[in-house]
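As a plain string of letters, each chain reads:
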Amino acid sequence: LITLLGENGVGKTTLLYALQDEIDHYDFIFINRKIGSSETYLSILLNTLNDESKLTLKDYFIHNSICIQHLLSAGITSILNFKKIDYLDELISFFFNDGISFLGQNKKPMLKEDVLLNYLERINKEKNCILILDNFTNCDCDSLEVLLPLLKKIRENKIIKVIL
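Quantities reported herein were computed from a predicted structural model and do not represent experimental measurements. Per chain, residues are indexed from 1 in the order of the written sequence. Given that the model is predicted, a residue must reach a pLDDT of at least 70 before its local features are reported, and side-chain atom pairs must reach 80 or more before they are shown or counted; all residues, however, enter totals for whole chains, interfaces and linings. Side-chain metrics in this entry use all non-hydrogen atoms of the structure; hydrogen atoms and water are not considered.

(A) Spotlight on the packing of aromatic side chains. Classification of ring pairs uses Phe, Tyr and Trp, with its six-membered ring standing for Trp, and accepts pairs whose centres are within 6.5 Å; under 30 degrees between planes counts as stacked, over 60 as edge-to-face, and the remaining range as tilted. Under the criterion given, the structure shown has eight aromatic pairs. Taking the centre distance of 5.3 Å and the plane angle of 45° together, the rings of Tyr-60 and Tyr-119 count as tilted. Here Tyr-119 lies in helix H5 (residues 112-127) and Tyr-60 lies in helix H3 (residues 57-63), a separation of 59 residues in the sequence. One exposure class covers both Tyr-60 and Tyr-119, and it is buried. Put simply, the rings of Tyr-60, Phe-61, Phe-95, Phe-102 and Tyr-119 touch in pairs and so form one group of aromatic residues. A helix here means a DSSP run of H or I that spans at least four residues, while a strand means a run of E at least two residues long, and both kinds are numbered starting from the N terminus. Burial status follows relative accessibility: with a 1.4 Å probe on protein chains alone, a residue under 20% of its type maximum counts as buried, one over 50% as exposed, and anything between as partly exposed.

(B) Quick peek at the sheet that holds strand S7 (residues 161-163). One open sheet accounts for three strands, arranged S1-S6-S7; its pairing is parallel. At either end of the open sheet lies a strand with only one pairing partner, and these are strand S1 (27-32) and S7. Strand after strand, the sheet turns through a mean of 20° between neighbouring axes, direction not considered. Any two strands between which DSSP finds at least two bridges are classified as paired. The sheet contact formed by strand S6 (residues 129-134) and S7 spans three bridges and is parallel. Counterpart to Ile-130 in the pairing with S7 is Lys-161. This element, helix H2 (residues 41-52), spans S1 and S6 of the sheet and lies at about 150° to S1. Angular values range over 0 to 180 degrees, each being the angle between N-to-C directions of two axes fitted as lines to C-alpha atoms, with helices fitted over their stretch in contact. Should any heavy atoms of two residues lie within 4.5 Å, those residues are counted as being in contact.

(C) Layout of the packing of H5 against helix H6 (residues 141-157). With their axes 9 Å apart at the nearest point, H5 and H6 run at an angle of 50° to one another. Relative to H6, the element H5 lies oblique. By crossing handedness, the relation of H5 to H6 is classed as right-handed. Packed against H5, whose contacting residues are Glu-113, Asp-114, Leu-116, Leu-117 and Leu-120, the element H6 presents Val-146, Pro-149, Leu-150, Lys-153, Ile-154 and Asn-157 at the interface. The classification used treats Ala, Val, Leu, Ile, Met, Phe, Trp, Tyr, Cys and Pro as nonpolar, Asp, Glu, Lys and Arg as charged, and all other residues, Gly among them, as polar. Residue classes in the contact of H5 with H6 are distributed as seven nonpolar, one polar and three charged. Should an angle fall under 35 degrees it is called roughly parallel, over 145 degrees roughly antiparallel, and 65 to 115 degrees roughly perpendicular, with every other angle called oblique. Left-handed describes a crossing in which the near helix is turned anticlockwise from the far one by less than a right angle; the clockwise case is right-handed.

(D) Highlighting the pairing of strand S4 (residues 100-103). Bridge count between S4 and strand S5 (residues 109-110): two bridges; the pairing is antiparallel. Residue pairing for S5: Leu-103 is matched across the bridge by Pro-109. Connecting the antiparallel pair S4 and S5 is a turn made up of five residues, with Asn-106 showing a positive phi of about 60°.

(E) View of the layout of surface pockets. Grid points spaced at 1 Å over the protein atoms alone were grouped into cavities, where a 1.4 Å probe fits but cannot get out, and pockets, open sets with protein on both sides within 12 Å along at least five of seven lines, with lining residues defined by an atom within 4 Å of a point. Grid points are joined across faces, edges and corners, and a volume is the space filled by probe spheres set on the points. Considering only enclosed or pocket space, the largest pocket measures out at about 360 Å³ in volume. Contributing to the lining of the largest pocket are 18 residues, with Leu-4, Lys-12, Asn-135, Phe-136 and Thr-137 lying nearest its centre. If you list the elements that add at least two residues to the lining of the largest pocket, you get helix H1 (12-22) and S6. Residue composition of the lining of the largest pocket, grouped by class: nine nonpolar, six polar and three charged.

(F) Quick look at the nonpolar core. Leu-57, Phe-95, Phe-102, Leu-131 and Leu-133 are the most contacted members of the largest nonpolar core, which has 41 residues in total. Going through the elements one at a time, S1, H2, H3, helix H4 (88-93), S4, H5, S6 and H6 are the ones with two or more residues in this core. Listed in part, the seven residues of the second largest apolar core include Tyr-26, Phe-28, Ile-130 and Ile-163. In this description, a nonpolar core means a group of buried Ala, Val, Leu, Ile, Met, Phe, Trp, Tyr and Cys residues linked to one another through side-chain atoms lying within 4.5 Å.

All we've got here are geometric facts, nothing functional implied.
This is the structure we're talking about:
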């Protein structure tokens, strides 16, 4: 995990694009949320990963037998299989819902950051990538709640290279 610091407009992003041109054995995946964007940082990240990888997020869930447990207000739980999900935005919304928990193989609970970490690991095996989280100061609060634990796990496990 590398953090690039500097004032607005000094050339951090330009430096990263120049670095991309010089390094052949990595695929750079740039994530950038513009100021005032209504799209969440996590949504931009997952949409980009979904587009850049052969393994879509939905297929990742299906192949790994991941499903969600929806905790209804009456205390009743329901299990939903991701084969029924048609749109990526619908799938992404589950990461922001506190009433949702992910269940992995054998119906064992998974933390949201572990689901994302495993997905990133699969993509990295396919692409050997560097994830660029550009303008991370523009990250929305809802995305931060999911991304900060994910970044901590990335730093601990060194699964993928990330530049902030």
